[in-house]
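Listed below, chain by chain, are the residues.
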Amino acid sequence: QEQLMESGGGLVQAGESLTLTCEVSSGRDFTTLAAGWYRQPLGKPRELVATITRHRRTQYSDSVKDRFSISRDNAKSTVYLQMNSLEPEDTAVYFCNAEYRSRDSWGQGTQVTVSS
C-alpha cells in the first residue's frame, strides 16, 4: 500500500490561487499508479475533483474544470493540483488518492478555506 502526504492547503481569498502537493511513498514504481484529488466539504460526502492516469490523461469535475489543473512528476513521485480563481464553494478538506489495480490509498487531507 502507498503512503500519501498532502501539503499546500491554507486560507485564501476568493479569486486567489493555491497549489496542493501530494508526495507518494510506495514500494511500487510510481508510474504504475493512477492518482487523483478528492475533496470533502464539512458535513458533505467526499467528491471527485480531478484524476490523472498513468499516461497523464486527466479528468475533472464540472465544478472545477477550466480553473483547476492536475499534474504529476514521476521523477519525484508527486502529484499536484493547481487551483486558480478559487471560490468559497471550494472550501473543503482535500485528499490525495493513489490507485493500483483498483486498490486505493489515501492521504490524511489538507484543509483549503476560501473566504469571500
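Visitor: Looking at this structure, how should I read the sheet that holds strand β8 (residues 78-83)?
Guide: Across the sheet, four strands lie side by side as β1-β3-β8-β7; this open sheet has antiparallel pairing. Looking at which strands have only one partner, the edges of the open sheet turn out to be β1 (3-7) and β7 (68-73). On average, each strand axis in the sheet is inclined to that of its neighbour by 15°, with strand direction left out of account. In this sheet, β8 lies alongside β7 in antiparallel orientation, the contact comprising six bridges. Paired with Ser 71 across the bridge in β8 is Tyr 80.

Visitor: How do you make sense of the pattern of salt bridges when you look at a structure like this?
Guide: All chains considered together, the criterion is met by six salt bridges. With its nearest N and O atoms 3.3 Å apart, the salt bridge here joins Asp 62 to Lys 65. When the shortest N-O distance is used, the salt bridge between Glu 87 and Arg 67 registers 3.9 Å. With Glu 87 in the loop between β8 and β9 (92-100) and Arg 67 in the loop between β6 (58-60) and β7, this residue pair connects regions lying 20 residues apart in the sequence. On the basis of relative accessible area, Glu 87 is assigned to the partly exposed category, the value being 33%. Members of the salt-bridge network, linked through shared partners, are Arg 39, Glu 47, Arg 67, Glu 87 and Asp 90.

Visitor: What's the story with the pairing of strand β3 (residues 18-25) in this structure? I'm lost.
Guide: A regular strand places its side chains so that they alternate between the two faces of the sheet. Across five bridges, the pairing between β1 and β3 is antiparallel. Directly across from Ser 7, in β3, lies its bridge partner Thr 21.

Visitor: Can you help me understand the nonpolar core in this one?
Guide: If you look at the biggest cluster of nonpolar residues, it comprises 27 residues, and the most contacted ones within it are Trp 37, Val 49, Phe 68, Val 79, Leu 81, Met 83 and Tyr 94. Mapped by element, the contributors of at least two residues to this core are β3, β4 (34-40), β5 (47-52), β7, β8, β9 and β11 (110-115). Per-element tally for this core: the top contributor is β9, with five residues. Ignoring any residue separated from it by four or fewer positions in sequence, one finds Met 83 in contact with Glu 16, Ser 17, Leu 18, Leu 20, Arg 67, Phe 68, Tyr 94 and Val 112.

Visitor: Sorry, what's going on with the layout of surface pockets here?
Guide: The probe, sized like a water molecule, is rolled over the atoms to show the empty space still left. Considering only enclosed or pocket space, the largest pocket measures out at about 180 Å³ in volume. Around the largest pocket sit Gln 40, Pro 41, Leu 42, Lys 44, Glu 47, Pro 88, Glu 89, Thr 91, Ala 92, Val 93 and Gln 111, which together line it. Its residues placed into classes, the lining of the largest pocket shows five nonpolar, three polar and three charged.

Calculation notes
- Residues numbered from 1 in each chain as written.
- Predicted model: local features only at pLDDT ≥ 70, side-chain atom pairs only at ≥ 80, totals over all residues.
- Heavy atoms only, no water.
- Pairing = 2+ DSSP bridges.
- Helix = DSSP H or I, 4+ residues; strand = E, 2+ residues; numbered from the N terminus.
- Axes fitted to C-alpha atoms, helices over the stretch in contact; angles between N-to-C directions.
- Salt bridge = Lys/Arg side-chain N within 4 Å of Asp/Glu carboxyl O.
- Buried < 20%, exposed > 50% of the residue type's maximum accessible area, 1.4 Å probe, protein only.
- Core = buried A, V, L, I, M, F, W, Y, C linked by side-chain atoms within 4.5 Å.
- Contact = heavy atoms within 4.5 Å.
- 1 Å grid on protein atoms, 1.4 Å probe; cavity = no way out; pocket = protein on both sides within 12 Å on 5 of 7 lines; lining within 4 Å.
- Points joined across faces, edges and corners; volume = space filled by probe spheres on them.
- Nonpolar A, V, L, I, M, F, W, Y, C, P; charged D, E, K, R; others polar.

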